[in-house]
Amino acid sequence: MRKLRYGKGFNFILWLEFLGPIAAVLLLSLNYGAKLGLLVLAWISLWGINVWLSKRPPSRLISFLVPMIFGLTLLMLWEGLVDVFNVSPILLPPPSAIAEIFTQGSKLAILWVDFVQTVVKGALSGYIIGCGSAFLMAVAVDRSPFLQRGLLPVGNFVAALPIVGMAPIMVMWFGFDWHSKAAVVVIMVFFPMLVNTVQGLQSSDHMQRDLMRTYGASYPQALMKLRLPAAMPFVFNGLKICTTLALIGAIVAEFFGSPIRGMGFRISTEVGRLALDMVWAEITVAALAGSAFYGGVALLEKAVTFWHPSQRG
Amino acid sequence: MRSFFPILTVVSSIFVIWYLAAIALNSTWAYDKAKRADVTLTFSQMVADTLAQKKPLLPAPHQVAKEIYKTTVLKKITSKRSLIWHGWITLSATLLGFAMGTGLGIVLAVGIVHSRAMDMSVMPWVITSQTIPILAVAPMIIVVLNAVGVSGLLPKAVISMYLSFFPVVVGMVKGLRSPDAMQMDQMRTWNTSRLGVFWSLRLPSSMPYLFTSLKIGVAASLVGAIVGEMPTGAVAGLGARLLAGSYYGQTIQIWSALICAAALAASLVAIIGVVQKVTLKRMGMAL
């Protein structure tokens, strides 16, 4: 705290918010004409609406509206910039071209087949097996503090390793179909899940455990009534981290060999054919699947750990 | 030291399982070979064979260690068969992407903390961005950037950046908001400007959070660099070694690249850990 400042000072964020875009409009309209000027004007006014909205008293509607407007602004800018600068669709297709894919029946069918192959068969089955076995293992070593002390650092270490690299080995062992993808997902989600569950099982505090002892609760009773429920916030943290890992694992494993369906396969072949609108459509599906997967786990968390302070907020 | 023996137990049991699995997985091929040569294997011969195959399903740890020794110490660093050379290529992309990601993350976090509009509009998308399996987008980023004329280090670094900026944003937002009301009030009493509060209160108190996020970020950006090397057609880098190994069934090569990547990740995280310790100690925040 050596440097003290007196007076209101220079509000740098305010300057960035207003002067930057205005300067950009002036410069760009000089160069590219009215279309771009309009685009940037729309951008500024939408941002202005967001600034105004965020200063209203907070409510559910506003915290939904603001990010939506921001997302729409980004889409509009993307569409507009591609149009104004005549970007080749081979480099970056506009959002409208990507949306069109979803209206074509044949392409929609391909997207669905890929979705089933990668998300349902590969990612989801691997996720359930991996998280399930990690959870069971954590409960199994729960009675041995010796093993826990050994497993926690090792698990933390392994969780930081680039496990995706195991993908070629798994493809070699389990063949090209979804089994190998599920196997990659299993090893990717196993350690983060294990570490979180082990930590969670240790999270009940002394008083609570003493209370269980006063009640004369047996080990299984204490586990079911106290330690497992207390571990749930950690378990769900692990489950949420694993949703993203599962999708990444399933898609990347397809780069090392797959049958002629699957999102990873489609992305790498369509990139080769320069059909970028199809690639973006696959990415959209992946993003929607990823968000839905995460959202589903988050909803489940809300239902199970309704008692936790972070959920009552 | 309390956890030395537990860790030793776990690690050594991993090795035991590894050896047992190697014997079990490779035995089919050993018996196959013996059958074709019309010899019957005793159990000990079979075990000896499974641990010394040229393209085993699962190479034994000592085979991998020998391969790593051969491709690091015995090869010249400039040779294309040297793992150090490949590791360096991956490392440079990782570091560039990590630096870009950290920079982007900090800038975003500063904006989010200081502007409510930005907090409300950007933060949900930052979180959504991570539910998108970005690694799936890797081939497209590489090919498209190549078409624009950007190739080499930068496309890989972009993927690393995308993976590493998220932990930094989340950690820094938490960190920059960590000064409590009392400290903020003190600043107000001194009539400090926002810039002053940032430099002398918010930034210093965010340091522990920053280092924790950096550790996660650097591990993530290594993953990004490795995956980024695959779609370019296995030219150079640890990811290329993985892909080439899987094309030609060179399992020992795959495993040695994997172990190298693991060692790289571990040492990067360890280096940040040391910097964290030294910095926090000098700032008087050591635990």
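Note that this is a predicted model, so its numbers are computed, not measured. (Residues numbered from 1 in each chain as written. Chains lettered and ligands numbered in written order. Predicted model: local features only at pLDDT ≥ 70, side-chain atom pairs only at ≥ 80, totals over all residues. Heavy atoms only, no water.)

Participant: Sorry, what's going on with the overall build of chain A here?
Facilitator: Across its full length, chain A carries 13 helices and zero strands. Its helices and strands in sequence order give chain A the pattern α-α-α-α-α-α-α-α-α-α-α-α-α, from N to C terminus. Buried residues in chain A amount to 45% of all 313 residues. Summed over all atoms, the accessible surface of chain A reaches about 16,300 Å², with 72% contributed by carbon and sulfur. (Helix = DSSP H or I, 4+ residues; strand = E, 2+ residues; numbered from the N terminus. Buried < 20%, exposed > 50% of the residue type's maximum accessible area, 1.4 Å probe, protein only. Areas by Shrake-Rupley, 256 points an atom, 1.4 Å probe, with all protein chains shown as cover.)

Participant: Teacher, can you tell me more about the pattern of salt bridges here?
Facilitator: Should the charged atoms of two oppositely charged side chains come close, the side chains can pair. Under the counting rule described, the total for this entry stands at nine salt bridges over all chains. Ionic pairing is found between Glu270 of chain A and Arg273 of chain A, a salt bridge with its closest N-O pair at 3.1 Å. Overall, the relative accessible area of 61% leaves Arg273 of chain A in the exposed class. Between Glu229 of chain B and Lys156 of chain B there is a salt bridge whose closest N-O contact spans 3.4 Å. You can see Glu229 of chain B sitting in the loop between helix H9 (194-228) and helix H10 (238-248) and its partner Lys156 of chain B sitting in helix H7 (residues 153-176), a full 73 residues away along the chain. Each member of the pair Glu229 of chain B and Lys156 of chain B is classed as buried. (Salt bridge = Lys/Arg side-chain N within 4 Å of Asp/Glu carboxyl O.)

Participant: Even after reading the chapter, I still don't get the state of the cysteines, so can you show me in this structure?
Facilitator: Each disulfide is one covalent bond, formed between the sulfur atoms of two cysteines. Residue and element names in this part refer to chain A. Under the counting rule described, the total for this entry stands at zero disulfides over all chains. Lacking any disulfide linkage, Cys131 is separated from the closest cysteine sulfur, that of Cys242, by 4.2 Å. Classification of Cys131 by relative accessible area gives buried; the value is 5%. (Disulfide = S-S within 2.5 Å.)

Participant: What is the right way to read the domain arrangement of chain B from this model?
Facilitator: Much of the literature gives interface size as the accessible area that the parts lose upon coming together. Residue and element names in this part refer to chain B. Here the domain parsing of chain B yields domain 1 (4-58) and domain 2 (83-282). For domain 1 and domain 2, the distance between their C-alpha centres works out to 39 Å. Opposite the seven residues of domain 1 that make contact, domain 2 presents seven residues. Summing both sides of the interface, domain 1 and domain 2 together bury roughly 470 Å²; the carbon and sulfur share of this comes to 60%. When the buried surface of domain 1 facing domain 2 is broken down by residue, Trp18, Lys55 and Pro56 rank first, second and third, together holding 65% of it. When grouped by side-chain class, the residues that make up the side of domain 1 that touches domain 2 number four nonpolar, one polar and two charged. (Domains from an automatic or database assignment. Contact = heavy atoms within 4.5 Å. Buried area = accessible area lost by both parts, 1.4 Å probe. Nonpolar A, V, L, I, M, F, W, Y, C, P; charged D, E, K, R; others polar.)

Participant: Would you mind showing me how to read the confidence of the model for chain A here?
Facilitator: Should pLDDT be low for a region, the predicted coordinates there are not to be read in detail. Summing up the model confidence of chain A, the mean pLDDT is 82 and the portion of residues at 70 or higher is 88%. Residue range residues 1-9 of chain A is modelled with pLDDT below 50. Its contacts to residues more than four positions away, or to other chains, number 16 contacts. (pLDDT = per-residue confidence, 0-100.)

Participant: Honestly, the side chain of Glu254 of chain A in this entry has me stumped. Any pointers?
Facilitator: Residues and elements named next belong to chain A. Looking at the secondary structure, you find Glu254 in the loop between helix H10 (219-253) and helix H11 (263-272). At 2.8 Å, the side chain of Glu254 and the side chain of Thr118 are in polar contact. Here the side chain of Glu254 touches Met263 through a polar contact of 3.2 Å, landing on its backbone nitrogen. If we ignore the near neighbours within four places in the chain, the residues touching Glu254 are Gln117, Thr118, Lys181, Gly262, Met263, Gly264 and Phe265. (Polar contact = N/O pair within 3.5 Å; in protein donor to acceptor, adjacent residues only side chain to side chain.)

Participant: Which parts of the structure should I look at to understand helix H5 (residues 116-131) of chain B?
Facilitator: Since the α-helix turns once every 3.6 residues, residues separated by three or four places project in the same direction. Over its 16 residues, H5 of chain B runs 24 Å from end to end, which matches the ideal 22 Å to within 8%, given 1.5 Å per residue. Of all the bends in H5 of chain B, the greatest reaches close to 30° and is centred on Val122 of chain B; the proline Pro124 of chain B follows between one and four positions later. Turning to H5 of chain B, its buried residues are Ala117, Asp119, Met120, Ser121, Val122, Met123, Val126, Ser129, Gln130 and Thr131 of chain B. In this structure, the buried side of H5 of chain B is in contact with helix H2 (34-54), helix H3 (60-84), H10 and helix H12 (276-304) of chain A together with helix H4 (83-114) and H7 of chain B. (Expected span 1.5 Å × (residues − 1). Bend = angle between axes of the 7 residues up to and from the residue.)

Participant: Would you mind going over the packing of aromatic side chains with me for this structure?
Facilitator: Aromatic rings considered in pairs are described by the distance between their centres and by the relative angle of their planes. Applying the stated rule across the entire model yields 11 aromatic pairs over all chains. Between Tyr162 of chain B and Phe165 of chain B the ring centres are 5.9 Å apart and the planes differ by 70°, which places this aromatic pair in the edge-to-face class. Within this pair, Tyr162 of chain B and its partner Phe165 of chain B are both found in helix H7, separated by three residues, close to a single helical turn. We classify Phe165 of chain B as buried; its relative accessible area is 8%. The positively charged end of Arg143 of chain A is found above the aromatic ring belonging to Tyr219 of chain A, 3.9 Å away from the centroid. (Phe/Tyr/Trp six-rings, centres within 6.5 Å; stacked < 30°, edge-to-face > 60°. Lys NZ or Arg CZ within 6 Å of the ring centre and 35° of its normal.)

Participant: How should I be thinking about the domain arrangement of chain A in this particular structure?
Facilitator: The assigned domain composition of chain A is domain 1 (12-87) and domain 2 (100-312). Computed from C-alpha coordinates alone, the two centres of domain 1 of chain A and domain 2 of chain A are separated by 37 Å.

Participant: I tried to follow the interface of chain B and chain A on my own but got confused; where do I start?
Facilitator: Taken together, the contact between chain B and chain A spans 64 residues of the former and 60 residues of the latter. Buried surface at the junction of chain B and chain A, summed over both partners, amounts to about 5,400 Å²; 81% is from carbon and sulfur atoms. At the surface where chain B touches chain A, the tally comes to three residue pairs in polar contact (both at pLDDT 80 or more). Contributing elements (two or more residues each) for the side of chain B that touches chain A: helix H1 (4-36), H5, helix H6 (138-148), H9, H10 and helix H11 (251-282) of chain B. Broken down by element, the residue count for the side of chain B that touches chain A peaks at 11 residues, all from H5 of chain B. Residues of the side of chain B that touches chain A, tallied by class, amount to 44 nonpolar, 17 polar and three charged.

Participant: Whenever I open this one, the environment of Phe198 of chain B confuses me. Can you help?
Facilitator: All names here are of chain B. Assignment of secondary structure puts Phe198 in helix H9. Since its relative accessible area comes to 10%, Phe198 is described here as buried. Distance in space between the C-alpha atoms of Phe198 and Ser82 is 47 Å, their sequence separation being 116 residues.

Participant: What's the story with the side chain of Ser125 of chain A in this structure? I'm lost.
Facilitator: Assignment of secondary structure puts Ser125 of chain A in helix H5 (residues 105-140). In contact with Ser125 of chain A, other than residues within four places in its own chain, are Val120, Trp178 and Ala182 of chain A.

Participant: Where do I start with the confidence of the model for chain B in this structure?
Facilitator: Residues and elements named next belong to chain B. For chain B, mean pLDDT is 83; residues scoring 70 or higher make up 97% of the total. Looking across chain B, the model is least confident in H6, with a mean pLDDT of 78, and most confident in H4, with 90. Interface confidence for the predicted complex, expressed as ipTM, amounts to 0.75; the pTM equals 0.79.

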